[in-house]
Amino acid sequence: MTTVRDEIQKETSTVEAMPANETETSLKTAGAWVQLNDIVKLYGSTPAVDGVSLDIPPGQFVTLLGASGSGKTTLLRIIAGFLDATSGQIVIDRKEISRVPVHKRHIGMVFQNYALFPHMTVEKNVAFPLARQKVPRRARKEMIAEALAAVHLTGYENRLPRELSGGQQQRVALARAIVARPRLLLMDEPLGALDRRLRESLQIEIRRLSRDLGLTVINVTHDQEEALTMSDRIALLADGKLVQYGTPEELYSNPSNEVAARFIGESNIFTGTVHGSPRGATLSTSAGQIILPDTASAELNGNEARIVVRPSAVTVVKASAAIDQSVCSMPGTLIANIFAGDSRKVVVDGDHGSELIVRMDASEPFGFEVGEPVVLTWKPSASLAMVA
Amino acid sequence: MTAVIERDIELLEPQPDKAPGFLARIPRPSFFSWIGIPALVFMALVFIVPLVVILTKSFTDPGPQNFSDAVNSGIFRRSLWTTIKMAFFVTIVCLLVSYPYAYAMARGGKLIVAVLLGALMLSFWTSTLVRTYAWQILLNNTGVINKTLINLGLIDEPIQMIRTNFSVYLGMAHVLAPFTILTLYAQMRTIKPELEQAAQVMGARPSVAFLRITLPLSLPGAAAGGILVFVMALGFYITPQILGSSRDTYIGTAIIQQVQVFLKTGVGAAESLILLGIVLLVLLVAGKFIGIGRILGLNKGE
Amino acid sequence: MKPGFTVKAIGLLMAAIFVFPTIVVVGTSFNASTLILFPPKGWSTKWYQEIFTTSKWTDAFQASLKVAVLAAIIAMVVGTLLAFTAARGKLIPSSVVTMLAVLPVVVPTVVAGLGFYIVAVRIDLSGGVLGLALAHSVLGVPYVFINVLAALTAVERNVEEAARICGASEFVTLQRITLPLIAPAAVIGGVLAFIGSWDEVIIAGFLNSPTFHTLPVIIFGEVRSGAEPSTSAVASTVTLVSVLMLGIAAGVPALRRKKLWRKS
């Protein structure tokens, strides 16, 4: 088994081998290697973070993803040093930093509400970390110019934060976070306060910038789309625990459990008991028999299990259509047909009370009426079986 | 994955522990906790000590009979009644005049708001003493109002306005109305105009919309402002002293008289405590219903 | 719903009544006659010449100014410290701090004045700038406290955290971020404390001496015994100072904002 670290080394070396990218700048740093070891944070006796361990290799963009209350922000604030962990180690570049005060950690951070200094101009805001780190005055000017150029805000030096739009303020916050060349950048829902279009363009920009600079980024969000778009790796958290840590593809195509399956993307989930050994095993559910994928573990036999089917893997056919015995099928009544631009979402009321979702290409012809009985089919190989 | 991390951590060189662990774990006493202590001591020395001294004086100079002397004093008993009656009337007058003013300020156009707010502020920032002095000039027997009325031939003899209850109530209301106006205005600003519009769309006349929507919703502000004005009026000294009749003694005057004319500091202290007690009682009882913060929340900076 | 004609008319009439007394006092100060007449008979600035050259008035003016400035400074320091403790401290419950800070608003001035008087006489602080300034500073504390507390609550925690992570220690964060952000509120509070002291009669009356009076004490005496146009001139000057101070305190931050905006 190749370790995460080996894989990453391969990846980072490919990134470095890439031809000179568009903002070749002296802001470039080697990213920090961040290791969290069994971090626990208790409030009273309630754990906000419950034994999280993460290995974040240098230069990676990692997103802590989770619903509110999952502990993702608490974890980020522990890394920043605003909170002390009840137990566990934070190791950055092989140094345990739990006892290092916030202002000596040399970390960059972007906050959700920008947290710009309202009484300082853009230039003074960006100069602030340089002054704190005793960068000689002569060098500051150039570093500020470079940081502002990196976020496309050259010329805004003398503006006050309140004279900028939300997107511009967040760019200033980004410039301020990277100007002192930290090796680690933390982002606390950086795009949460922005509207959708701005959010999407900034997602791409932040991703490009972080790649160009080579720094390690830990980003917190509850927006799974943002996590999928931006991250090298996603750490999915729920109830203070790490649910799954892997690439966006891994989390989407191979969720390790139901929580992960529900959180990343839409899912149709069936629960039941497995009968039979790997090949040809079926799951008996209240909605009928479902064929397990061949990849399913033999250990599931006789146990409670769940099958996850992504809506895009499901096809709608007429109730009268002949169905191949090797595919799964589920009868139901079409109750909604929602056109969503590039895709079409179809909701089907399963005959046994479950509601199923189908996603299809909007450009395909759709020959069904709402209220019509239909059958949903999917290939067993497109589904995923897991222990309930 | 956990296996990977464990292996990496084991690779770490042991780090010299800079801060001894047990010290680092004790929460540092917050900087902001202790910077307040000198300020609290200052307040205690400069403000609480004088109040405590009044308390001790009232019981020891010459003795607790100060309280019975105060209560048995006809002047003081009458002053209590006169003052409470005055405070009550002034509060009513303030509330009555505040409603149209605050309403016009909360709902009026830019120009009228600027005029009303400007006038209010100029008046507010002219000190009580100066405004009371102005009313003296205006209400005198030979003052502006009487002269104008005589010149217009409306009256032959000057009307006695100064040194009456009328002049005191007028002067007090003039000084205190800004407080009720500002609390009411703040309250009315929180009432969305859409509510009245909705009521009108449903068929309510403007007056009905006001009576059924704005008035009930503004009552907390009116109550807070009214209590504030009532309490302030109880302790007033300057205005009753300048505009009031010498026959009517108000509490403030009675206290100062005891101390400066009769040289009975102990009795004055006892009377002060009775006044303070009434004020605190009103505030506490009213605070139970509308919140003490709401009553005092108003400050001149708003 | 726009206010109707009647409401507006009542409002405007009341606005006139609010302003009229101030106009009357200012008007009578320009009388050519020695009587207080309104409208004034003949215009003259001789009363202003008188009050700015008579030592009775100039001494009182100086005394008032010294007391008010000192009281405002003390109130700013004490009120700001209390606001920080109430907002951030953990040692003493913030309700206790708040109660102590706003108590001077609740206690009638006559009562507080009597207390100050008894204590000041005993420790020999009566009849001087320091004693009165201390007493007045306490009355100014609530203004500073309430304003600074509001400003402190408005400072977003994240802004201070951003400073910390940029490399600023707790002390530098306080000095470079928090204090500049609350300074305007502290100044407004200080100006209110200044005006509170500048206009104050009762305590100043308790703590005066044959050689130490503030302006309001003399004005009060004259108003009771018989005012002259010079009284009006002093009263007008006192009012002008109050209004100017407030105008500056409220106007300067707004102006500075505009200038910065123009520069870009």
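As a reminder, the structure under discussion sits directly above these lines.
Only a predicted model underlies this, so the values are computations on that prediction, with no experimental measurement involved.

Asks: A description of the layout of surface pockets should follow, citing residues and the corresponding values.
Replies: Volume-wise, the second largest pocket comes out at about 1,400 Å³. Going through the elements one at a time, α3 (122-132) and α4 (137-150) of chain A together with α6 (129-154), α8 (170-198) and α11 (229-263) of chain C are the ones with two or more residues in the lining of the second largest pocket. Broken down by element, the residue count for the lining of the second largest pocket peaks at 10 residues, all from α11 of chain C. Of the residues that constitute the lining of the second largest pocket, the class distribution is 30 nonpolar, six polar and 12 charged.

Asks: Explain the environment of isoleucine 177 of chain C to me, and be specific about the residues and the numbers.
Replies: If you trace the backbone, isoleucine 177 of chain C turns up in helix α8. On the basis of relative accessible area, isoleucine 177 of chain C is assigned to the buried category, the value being 0%. Expressed as a C-alpha distance, the spacing of isoleucine 177 of chain C and isoleucine 74 of chain C, which sit 103 residues apart in the sequence, is 23 Å. Ignoring sequence-local partners within four residues, the contact set of isoleucine 177 of chain C consists of Phe117, His119, Met120 and Phe128 of chain A together with Val159, Ala163 and Val172 of chain C.

Asks: Outline the interface of chain C and chain B, supporting the account with residue identities and numerical values.
Replies: By a frequent convention, interface size equals the accessible area lost on bringing the separate parts together. Of the residues lining the interface, 83 residues belong to chain C; the matching set on chain B comes to 82 residues. Summed over both partners, the interface of chain C with chain B buries about 7,100 Å², with 82% contributed by carbon and sulfur atoms. Taken together, the connections running from chain C to chain B amount to seven residue pairs in polar contact (both at pLDDT 80 or more). When residues in the side of chain C that touches chain B are grouped by element, the largest group, 16 residues, is from helix α1 (residues 5-28) of chain C. Taken together, the residues of the side of chain C that touches chain B sort by class into 62 nonpolar, 12 polar and nine charged.

Asks: Just give me the short version of the pairing of strand β9 (residues 233-238) of chain A, but keep the residues and values in it.
Replies: Residues and elements named next belong to chain A. Burial analysis of β9 places five of its six residues in the buried class, which makes it a mostly covered element. Where strand β3 (residues 61-65) lies against β9, four bridges are found, and the strand directions are parallel. Pairing of leucine 64 across the sheet is with alanine 235, part of β9. Bridging between β9 and strand β10 (residues 241-246) involves five bridges; their strand directions are antiparallel. When the sheet's bridge partners are listed, isoleucine 234 is paired in β10 with glycine 246. Linking β9 back to β10 in an antiparallel pair, the connection comprises two residues, with aspartate 239 at a positive phi of about 50 degrees.

Asks: Could you give an account of the environment of glycine 166 of chain A, naming the residues involved and the relevant values?
Replies: Residue and element names in this part refer to chain A. Within the fold, glycine 166 resides in helix α5 (residues 166-178). Distance in space between the C-alpha atoms of glycine 166 and arginine 138 is 31 Å, their sequence separation being 28 residues. Discounting chain neighbours no more than four positions away, the residues touching glycine 166 are Tyr114 and Leu194.

Asks: I'd like to hear about empty space enclosed by the protein, residue by residue, with values.
Replies: The method is simple in principle: a probe with the dimensions of a water molecule rolls over the atoms, and the space it marks as empty is what remains. The final tally for this structure, using the stated rule, is six cavities of 30 Å³ or more. What the second largest cavity holds in volume is close to 80 Å³. Lining the second largest cavity, in full, are His106, Ile107, Gly108, Met109, Pro129, Gln133, Arg176, Ala177, Ala180 and Pro182 of chain A together with Ile165 and Cys166 of chain C. If you list the elements that add at least two residues to the lining of the second largest cavity, you get β6 (108-110) and α5 of chain A.

Asks: Can you lay out the sheet that holds strand β13 (residues 288-291) of chain A for me, pointing to particular residues and giving the numbers?
Replies: All names here are of chain A. Read across the open sheet, the five strands follow the order β13-β12-β11-β14-β20; overall the sheet is antiparallel. Strand pairing shows two members of the sheet lacking a second neighbour, β13 and β20 (383-387), which therefore form its edges. Neighbour-to-neighbour, the strand axes of this sheet turn through a mean angle of 40 degrees, independent of strand direction. Direction of pairing for strand β14 (residues 304-309) relative to β20: antiparallel, over a ladder of five bridges. Paired with valine 308 across the bridge in β20 is leucine 384.

Asks: Give a detailed account of helix α7 (residues 157-165) of chain C, specifying residues and quantitative values.
Replies: α7 of chain C sits mainly inside the fold: eight of its nine residues count as buried. What α7 of chain C keeps buried is the set Asn158, Val159, Glu160, Glu161, Ala162, Ala163, Arg164 and Ile165 of chain C. Tucked into the core, α7 of chain C has its buried residues touching α2 (72-80), β6, α3 and α5 of chain A together with α3 (55-88) and α8 of chain C. Note on α7 of chain C: the residue one or two positions beyond its end, glycine 167 of chain C, has a positive phi of about 110 degrees.

Asks: Lay out the sheet that holds strand β16 (residues 328-340) of chain A in plain terms, naming residues and giving numbers.
Replies: Residue and element names in this part refer to chain A. Reading across from one edge, β15-β19-β16-β17-β18 is the order of the five strands in this open sheet, with antiparallel pairing throughout. Strands with a single pairing partner mark the edges of an open sheet, and in this sheet they are β15 (315-318) and β18 (355-361). If you compare each strand with its neighbour and ignore which way they point, the axes differ by 45 degrees on average. Examined bridge by bridge, strand β17 (residues 343-350) and β18 share seven bridges and lie antiparallel to one another. Across the sheet, the residue bridging to lysine 345 is arginine 359, located in β18.

Asks: Describe the nonpolar core, listing the residues and the values that go with them.
Replies: If you look at the biggest cluster of nonpolar residues, it comprises 213 residues, and the most contacted ones within it are Leu184, Leu186 and Ile218 of chain A, Tyr101, Leu176 and Ile295 of chain B together with Leu82 of chain C. For this core, the element with the highest residue contribution is α8 of chain C, accounting for 14 residues. Apart from the residues lying within four places of it in its own chain, the contact partners of tyrosine 101 of chain B are Leu116, Ala119, Leu120 and Ile181 of chain B together with Gly11, Met14, Ala15 and Phe18 of chain C. With 36 residues, the next largest nonpolar core counts Tyr114, Leu116, Val126 and Ala173 of chain A among its residues.

Asks: Quick one: what's the story with the packing of helix α7 (residues 128-139) of chain B against α1 of chain C, residue by residue and with numbers?
Replies: At a closest axis distance of 9 Å, the pairing of α7 of chain B and α1 of chain C adopts a crossing angle of 80 degrees. Here α7 of chain B is positioned roughly perpendicular relative to α1 of chain C, judged by the angle of their axes. From α7 of chain B, Val130, Tyr133, Ala134, Trp135, Ile137 and Leu138 of chain B reach across to α1 of chain C, where they touch Ile17, Phe20, Pro21, Val24, Val25 and Thr28 of chain C. Residues belonging to the contact of α7 of chain B with α1 of chain C are distributed by class as follows: 11 nonpolar, one polar and no charged.

Asks: Any details on the pairing of β14 of chain A? Residues and values, ideally.
Replies: Within a regular beta strand, the side chains point alternately toward one face of the sheet and then the other, so they alternate between its two faces. All names here are of chain A. Along β14, five of the six residues are buried, which leaves the element largely enclosed by surrounding structure. Here strand β11 (residues 268-275) pairs with β14 via six bridges, running antiparallel. Opposite asparagine 268, over in β14, you have valine 309 as the bridge partner.

Asks: With reference to specific residues and values, describe the pattern of salt bridges.
Replies: Residue and element names in this part refer to chain A. Scanning the model with the defined rule gives 21 salt bridges over all chains in all. A salt bridge links glutamate 225 to arginine 196, with the nearest nitrogen and oxygen atoms 3.9 Å apart. Taken together, the residues glutamate 225 in helix α7 (residues 224-230) and arginine 196 in helix α6 (residues 196-213) connect sequence positions 29 residues apart. For arginine 262, the salt bridge goes to glutamate 258, with nearest N and O atoms at 2.7 Å. Linking arginine 262 with glutamate 258, this pair stays in helix α9 (residues 258-263), spanning four residues, or about one helical turn. Looking at glutamate 258, the relative accessible area reads 19%, which means it is buried. Each member of the salt-bridge network shares a partner with another, and the members are Arg196, Glu200 and Glu225.

Definitions and limits used
Residues numbered from 1 in each chain as written. Chains lettered and ligands numbered in written order. Predicted model: local features only at pLDDT ≥ 70, side-chain atom pairs only at ≥ 80, totals over all residues. Heavy atoms only, no water. 1 Å grid on protein atoms, 1.4 Å probe; cavity = no way out; pocket = protein on both sides within 12 Å on 5 of 7 lines; lining within 4 Å. Points joined across faces, edges and corners; volume = space filled by probe spheres on them. Helix = DSSP H or I, 4+ residues; strand = E, 2+ residues; numbered from the N terminus. Nonpolar A, V, L, I, M, F, W, Y, C, P; charged D, E, K, R; others polar. Buried < 20%, exposed > 50% of the residue type's maximum accessible area, 1.4 Å probe, protein only. Contact = heavy atoms within 4.5 Å. Buried area = accessible area lost by both parts, 1.4 Å probe. Polar contact = N/O pair within 3.5 Å; in protein donor to acceptor, adjacent residues only side chain to side chain. Pairing = 2+ DSSP bridges. Axes fitted to C-alpha atoms, helices over the stretch in contact; angles between N-to-C directions. Core = buried A, V, L, I, M, F, W, Y, C linked by side-chain atoms within 4.5 Å. Parallel < 35°, antiparallel > 145°, perpendicular 65-115°, else oblique. Salt bridge = Lys/Arg side-chain N within 4 Å of Asp/Glu carboxyl O.

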